Protein chains: 2
Amino acid sequence: MHIKLVAHVLGLLLIFLSAVMLLPIPFSLYYGDGVHIYFIISALITFLVGFTAFKLTRLDRDVHAREGFAIVTLGWISFALFGCLPFILSGYIPSLTNAFFETMSGFTTTGATILVDIEGLPHGILFWRSLTQWLGGMGIIVLSIAILPFLGVGGMQLFKAEVPGPTPDKLTPRVTQTAKILWGVYVLISAVETLLLMLGGMNLFESLCHTFGTMATGGFSIKNASIGHYNSAYVDYVIIFFMLAAGTNFSLHYRFLKKEFKSYIKNNEWRLLVFLIGSSTLLIGIHTFSQQYSNAGMAFRKTLFQVTSICTTTGFTTADFAQWAFSSQFILLILMFCGGCAGSTGGGIKIIRLYILIKFVIAEIRHLMHPKAVIPVRVGNVVIPRDNVRNILGFLALLTGLFIGGVMVMTILGLDLVSAFTAVAATLNNVGPGLGSVGPTYNYAHIPLIGKWVLAFFMLAGRLEVYTVLILFAPSFWKNLKQKNVGLINQAPTIYFFRSDYFLIPTWYRTTRLLFDSDLVQYKSIL
Amino acid sequence: MHIKLVAHVLGLLLIFLSAVMLLPIPFSLYYGDGVHIYFIISALITFLVGFTAFKLTRLDRDVHAREGFAIVTLGWISFALFGCLPFILSGYIPSLTNAFFETMSGFTTTGATILVDIEGLPHGILFWRSLTQWLGGMGIIVLSIAILPFLGVGGMQLFKAEVPGPTPDKLTPRVTQTAKILWGVYVLISAVETLLLMLGGMNLFESLCHTFGTMATGGFSIKNASIGHYNSAYVDYVIIFFMLAAGTNFSLHYRFLKKEFKSYIKNNEWRLLVFLIGSSTLLIGIHTFSQQYSNAGMAFRKTLFQVTSICTTTGFTTADFAQWAFSSQFILLILMFCGGCAGSTGGGIKIIRLYILIKFVIAEIRHLMHPKAVIPVRVGNVVIPRDNVRNILGFLALLTGLFIGGVMVMTILGLDLVSAFTAVAATLNNVGPGLGSVGPTYNYAHIPLIGKWVLAFFMLAGRLEVYTVLILFAPSFWKNLKQKNVGLINQAPTIYFFRSDYFLIPTWYRTTRLLFDSDLVQYKSIL
């Protein structure tokens, strides 16, 4: 573990963040809300800290797995810490705890809020709040598709297992290219949604903010009643469509754009996502139609919206599902854990993992009947390697342990069982709203101080696939902090690459490239 | 799968049950409650059915794994079906659903009741109700220590893994001997508890009934207020002690009796059980002392009793823990899942499994940091084989799936989330009382008809380690029902053994012997 190297990359990330902090300024100036100055100050502070860290350290060797974990986790924490500056400086969220909670909720695309009156905030602040989600989603796509698989974590390994061998138009193996392509897709789909929402009557500001919340499966709205504010079938269906898109593996979108039109239908995980949303809508719809809405179309729309929002872990709402039947609430609770596809911006366990878990259990039962037979775990025609299955099982065990610990803390802080249970579920799975006192018509403002920090930690752990964060708590992780030139592989190219100028916008993108170029080399040499 | 062979053994088991049904008669006659006639009729019906099944079939080959699973599961179901006859015939629990629920709750040592006024029942009926638990406990000890490990199921495999190699005074490998020894220990400890409870002021009837409930970790009391009725520190501490004994691996008791006095302390699982009970008592005690009881001694006693009762999955109560702090309720909910030691009469997941799960997660995290290293899962100095670890993970996944399905059904039937969640937890883990509408001061009478059958199924599935029951739902399990003489190994001894007379009391014991003698031979030939 080379801590200076980590600091170097974190410095670069902060420099990138400082540039992004300037984006809300045009909106602030246009609406004349007077908060633009706070963004300038925040950007300056962030830049200075980042630049100092960057200049005091240097990149004298490749980034290895351990540094990779540290950069990812500490990177997200730094973004939340510096990203909350505008909230604090402007005085709109004066407490550090609340501001950090809100910013972490943004960057982890959770969407849990401590704000009681959202509409009372200035436009600049609202724009920044929504933008943090979109940036978080951008980070997650690259992280889940490109970085984590190389660190041996995350669901995308399984996606790779499912689509093996050389296919003519598969994603390019070079991560630099991958990042470019995925972000291109992300920006393109975001642009289309913004346009469609504007056609539905929203202005540019509103549609941008809601697009940020949708595409990142975040769920921050700029209205107190969330999307329910608009009470428009058009808006609802547009957002349902794009929530589904955001909960889909972005590799599939890329393939679709490459004219491989059956990419979605051919993917096991995506079909399961659609099946889950469809069957849950049906099951819940029976109740909402008979109990909440006399109109079948309305019942369908409201149910489909809530189901899609929860299953993709977005968290937008158009109805108070805490008033629905207990069985409907329970289905939504299960969906929170399912989450979207691997390689999407969705949180949760990810459908592919649950699918493999079910296959594993079936294999175990068959093994009991035929003790001598070797029964592999398959997805489609592909055998999932044992190591991947073990990795998933470990992930789920860890998630369960974390979940139980979280509920324990929340009940000690005085929350009732349902509120404690769903508060942890909604943050760990990056959903946003829960049930009970954190239900869709309430917020997280009333959670005690310690509870907010714990929940912010859960957002982060859930977002970074648990392992990535928890590994930092292993004592052996922090050994040899000053270790130099150990395990050095292929030093030259990355260093040369980083001797060029850094201070243009694509710095973050370059950082990612750094992570990959080096790790690719390292992993190739291991394999 | 040879169905006639299964019917033959089930016939034997029913003949045994019919003999046991005569035991409540002396109490019924002594107290002159007039229900003795219903036990005679029930015993006759049970005997006739059993004898018919037995005579129409014959044992023409060994019992294999598949028949073993069928005998165990169908055996428990038959016991519940015929065991509820006295309740129905006497008219004290007239509905089949309720009577079956109550009897299944007894034989699975769950202790969940549909009775509203327990004290209104005649002595004979109460004695039978308690006796079903003790019989169930007897079955479970032999099942978990001797039968299931040979079928590749259950926690005792792990116990064996932990204490490997030839030790001078280990349990004899012959199952016949094992059964004798374990039942001897069970009867001995039960006798001591009965005596101690009588010294505390209970009469023979009361102390026998409560001993049955304790030693089986059942929890049926003959008082409406459960053990709280006696309001006696002596009774409380005696029962706490024996609940702990019942939640301990019976092999450890045997070793202790063989003068291996450190057997408990040297066992990892038992130490963890004591640690869990101790730390939970401390955590919960802080709240009960400050909120419920002003007296420290009383707070300790009440807390320790409830914690031990729930952690060993007994379900006796002396306080309404649904009134305790939310964090205390949540700790109890976690303890429900922990359960006792493997090889005890306790239900739940079993502590050794959770311990190995934690070790597995730690190994996985270390594996991420050292991708090339092979990191084994250890308990003490012993490496747990990978197959055992996978078996545990499969078990937990299956349990989780079953649990989610159960809560789903209960919420559809209209139960609120907390009641649905804890009703399923309390039955699947064979605890008894839950929270909400199935809390310690309530009962299961209000659960809709379908719900009672589903919960009875959960009691059975939980009691028989899930796999044993679910394997009967695999279509391939029922293939070749008339298959004969296939896979015949070592036919002669068991057949000759069973040509002797069957109709003395130890028939059940002989049946078990049959199961084992043959399976031992079979498994030996595989290994």
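Residues numbered from 1 in each chain as written. Chains lettered and ligands numbered in written order. Predicted model: local features only at pLDDT ≥ 70, side-chain atom pairs only at ≥ 80, totals over all residues. Heavy atoms only, no water.

**Q** Which residues make up the overall build of chain A, and what values go with them?
**A** When its secondary structure is counted, chain A shows 22 helices and two strands. When the 527 residues of chain A are sorted by exposure, 64% land in the buried category. Expressed as a percentage of contacts within chain A between residues at least 6 apart in sequence, the contacts between residues at least 24 apart total 75%. (Helix = DSSP H or I, 4+ residues; strand = E, 2+ residues; numbered from the N terminus. Buried < 20%, exposed > 50% of the residue type's maximum accessible area, 1.4 Å probe, protein only. Contact = heavy atoms within 4.5 Å.)

**Q** Explain the side chain of Thr 248 of chain B to me, using residue names and the numbers behind them.
**A** Residue and element names in this part refer to chain B. Along the polypeptide, Thr 248 turns up in the loop between α11 (233-246) and α12 (250-257). Judged by relative accessible area, which is 1%, Thr 248 ranks as buried. A polar contact of 2.9 Å, which involves the side chain of Thr 248, links it to the side chain of Trp 270. If sequence neighbours within four positions are ignored, Thr 248 has contacts with His 253, Tyr 264, Trp 270, Leu 273, Cys 341, Gly 343 and Ser 344. (Polar contact = N/O pair within 3.5 Å; in protein donor to acceptor, adjacent residues only side chain to side chain.)

**Q** Requested: an account of the relation of the copies chain A and chain B, with residues and values cited.
**A** Overlaying chain A with chain B gives an RMSD of 0.0 Å, the required rotation being 180° about an axis along which the chain moves by 0.0 Å. In symmetry terms, the pair is related by a two-fold rotation axis. When the interface residues of chain A are mapped onto chain B, 98% of them again lie at the interface, so the same face is used by both copies. (Least-squares fit on C-alpha atoms with pLDDT ≥ 70 in both.)

**Q** So what's going on with helix α6 (residues 96-107) of chain A? Which residues, and what values?
**A** All names here are of chain A. For α6, which comprises 12 residues, the first-to-last C-alpha distance of 16 Å matches the rise-based estimate of 16 Å (1.5 Å per residue) to within 8%. For α6, a buried count of 10 out of 12 residues is recorded, marking the element as mostly surrounded by other parts of the structure. Buried within α6 we find Thr 97, Ala 99, Phe 100, Phe 101, Glu 102, Thr 103, Met 104, Ser 105, Gly 106 and Phe 107. Two residues or fewer past α6, Thr 109 is found with a positive phi of approximately 55°. (Expected span 1.5 Å × (residues − 1).)

**Q** For helix α13 (residues 268-291) of chain A, give the residues involved together with the corresponding values.
**A** All names here are of chain A. Helix length check: α13, at 24 residues, gives a terminal C-alpha distance of 34 Å against a target of 34 Å (1.5 Å per residue), a fit within 8%. Its maximal kink placed at Gly 285, α13 deviates by approximately 30°. Among the residues making up α13, those that are buried are Asn 268, Glu 269, Trp 270, Leu 273, Leu 276, Ile 277, Ser 280, Thr 281, Ile 284, Gly 285 and Thr 288. (Bend = angle between axes of the 7 residues up to and from the residue.)

**Q** With reference to specific residues and values, describe the packing of aromatic side chains.
**A** Residue and element names in this part refer to chain A. The final tally for this structure, using the stated rule, is 47 aromatic pairs over all chains. Aromatic pair Phe 27 and Phe 127: ring centres 4.3 Å apart, planes at 20°, arrangement stacked. In this pair, Phe 27 is assigned in helix α2 (residues 24-31) and Phe 127 in helix α7 (residues 123-151), connecting sequence segments 100 residues apart. With respect to burial, Phe 27 and Phe 127 carry one shared label: buried. With 5.3 Å between their ring centres and 40° between their planes, Phe 256 and Tyr 264 make a pair best called tilted. Members of the aromatic cluster, joined through ring pairs, are Phe 27, Tyr 30, Tyr 31, Phe 127, Trp 134, Tyr 186, Phe 205, Phe 212 and Phe 250. Against the face of Phe 395 rests Arg 353, its NZ or CZ located 3.8 Å from the ring centre. (Phe/Tyr/Trp six-rings, centres within 6.5 Å; stacked < 30°, edge-to-face > 60°. Lys NZ or Arg CZ within 6 Å of the ring centre and 35° of its normal.)

**Q** Any chance you could break down the interface of chain A and chain B for me, citing the residues and the numbers?
**A** Counting residues at the interface gives 45 residues for chain A, matched by 44 residues for chain B. The junction of chain A with chain B conceals about 4200 Å² of combined surface from both sides, 77% of it contributed by carbon and sulfur atoms. Summed over the shared surface of chain A and chain B, the number is two salt bridges. In this structure, Glu 364 of chain B engages Arg 390 of chain A in a salt bridge whose closest nitrogen and oxygen atoms are separated by 2.7 Å. Put simply, chain A and chain B have two residue pairs in polar contact (both at pLDDT 80 or more) between them. A total of 13 residues in the side of chain A that touches chain B trace back to one element, the largest contributor, which is helix α17 (residues 386-412) of chain A. Its residues assigned to classes, the side of chain A that touches chain B comprises 29 nonpolar, nine polar and seven charged. (Buried area = accessible area lost by both parts, 1.4 Å probe. Salt bridge = Lys/Arg side-chain N within 4 Å of Asp/Glu carboxyl O. Nonpolar A, V, L, I, M, F, W, Y, C, P; charged D, E, K, R; others polar.)

**Q** Go over the pattern of salt bridges, please, and point to the residues and values.
**A** Residues and elements named next belong to chain A. A complete count under the given rule lists 14 salt bridges over all chains for this structure. Among the ionic pairs, Glu 465 bridges to Arg 353, the shortest N-O distance being 2.5 Å. Of the two residues, Glu 465 is situated in the loop between α19 (449-463) and α20 (467-470) and Arg 353 in helix α16 (residues 351-369); the sequence distance between them amounts to 112 residues. According to the relative accessible area criterion, Glu 465 is buried, its value standing at 4%.

**Q** Give me the lowdown on the environment of Thr 312 of chain B, citing residues and values where you can.
**A** Residue and element names in this part refer to chain B. As for its placement among the helices and strands, Thr 312 is situated in the loop between α14 (296-311) and α15 (326-338). Separated by 96 residues in sequence, Thr 312 and Ala 216 place their C-alpha atoms 9.9 Å apart. Once residues lying within four places of it in the same chain are set aside, the contact partners of Thr 312 are Thr 217, Met 243, Leu 244, Gly 247, Gly 346 and Gly 347. Among the polar contacts listed, one links the side chain of Thr 312 to the backbone oxygen of Thr 308, at a separation of 2.7 Å.

**Q** Any chance you could break down unusual backbone geometry for me, citing the residues and the numbers?
**A** Residues apart from glycine generally show negative phi values, whereas peptide bonds are mostly found in trans. A positive phi angle is found at Asn 231 of chain A, which is not glycine, with a value near 45°. Within the secondary structure, Asn 231 of chain A sits in the loop between α10 (204-215) and α11 (233-246). At Thr 109 of chain B, a position not held by glycine, the phi torsion is positive, near 55°. When you line up the elements, Thr 109 of chain B lands in the loop between α6 (96-107) and α7 (123-151).

**Q** Residues and numbers for the side chain of Asn 268 of chain A, please.
**A** In this fold, Asn 268 of chain A is placed in helix α13. Engagement of the side chain of Asn 268 of chain A in a polar contact is seen with the side chain of Arg 271 of chain A, the distance being 2.9 Å.

**Q** Requested: an account of the state of the cysteines, with residues and values cited.
**A** Residue and element names in this part refer to chain A. According to the stated counting rule, one finds zero disulfides over all chains in the structure shown. Left without a disulfide partner, Cys 209 is nearest to the cysteine sulfur of Cys 84, which lies 19 Å away. Judged by relative accessible area, which is 0%, Cys 209 ranks as buried. (Disulfide = S-S within 2.5 Å.)

**Q** Provide a residue-level description of the packing of helix α4 (residues 65-83) of chain A against α6 of chain A, including the pertinent values.
**A** Residues and elements named next belong to chain A. With their axes 8 Å apart at the nearest point, α4 and α6 run at an angle of 130° to one another. Comparing their axes, α6 and α4 come out oblique. For the crossing formed where α4 meets α6, the hand is right-handed. On the side of α4, the interface is formed by Trp 76, Ile 77, Phe 79, Ala 80, Leu 81 and Gly 83, while α6 contributes Phe 100, Thr 103, Met 104 and Phe 107. Of the residues in the contact of α4 with α6, the class split is eight nonpolar, two polar and no charged. (Axes fitted to C-alpha atoms, helices over the stretch in contact; angles between N-to-C directions. Parallel < 35°, antiparallel > 145°, perpendicular 65-115°, else oblique. Left-handed = near helix turned anticlockwise from the far one by under 90°.)

**Q** How would you summarise the packing of helix α15 (residues 326-338) of chain A against helix α18 (residues 417-428) of chain A if you had to cite specific residues and measurements?
**A** Residue and element names in this part refer to chain A. Taken N-terminus to C-terminus, the directions of α15 and α18 make an angle of 35°; their axes are 9 Å apart at the nearest point. For the element pair α15 and α18, the recorded crossing hand is left-handed. For the pair α15 and α18, contact is made by Leu 333, Met 336 and Phe 337 and by Phe 421, Thr 422, Ala 425 and Ala 426, respectively. Across the contact of α15 with α18, the residue classes tally to six nonpolar, one polar and no charged.

**Q** I'd like to hear about a nonpolar patch on the surface, residue by residue, with values.
**A** All names here are of chain A. On the surface, a nonpolar cluster with roughly 590 Å² of combined accessible area is contributed by Leu 22, Ile 37, Ile 40, Ile 41, Leu 44, Ile 45, Val 49 and Leu 89. The element that contributes the greatest number of residues to the nonpolar patch is helix α3 (residues 36-56), accounting for six residues. The residue Ile 41 is located in helix α3 in this model. Exposure remark for Ile 41: the relative accessible area of 35% places this residue in the partly exposed category. (Patch = residues over 30% accessible without salt bridge, like charges linked within 9 Å, V, L, I, M, F, W, Y side chains within 5 Å. Areas by Shrake-Rupley, 256 points an atom, 1.4 Å probe, with all protein chains shown as cover.)

**Q** How would you explain the confidence of the model for chain A if you had to name every residue and give the values?
**A** All names here are of chain A. Mean pLDDT for chain A: 84, with 84% of residues reaching 70 or above. Per-residue pLDDT stays below 50 along residues 161-173; that stretch engages in 23 contacts with residues further than four places along the chain or on separate chains. Across residues 483-527 the pLDDT falls below 50, and counting only partners more than four positions away or on other chains, this stretch makes 97 contacts in the model. (pLDDT = per-residue confidence, 0-100.)

**Q** Now, about the environment of Asn 443 of chain A: what can you tell me, with residues and values included?
**A** Residue and element names in this part refer to chain A. Mapped onto the secondary structure, Asn 443 falls in the loop between α18 and α19. Under the relative-accessibility criterion, Asn 443 is labelled buried at 15%. Through-space distance from the C-alpha of Asn 443 to that of Ala 112 is 7.2 Å; in sequence the pair is 331 residues apart. Dropping the residues within four chain positions of it, Asn 443 is found in contact with Thr 113, Ile 114, Leu 115, Val 116, Ser 437 and Val 438. One polar contact links the side chain of Asn 443 to the main-chain amide nitrogen of Ala 445, over a distance of 2.8 Å.

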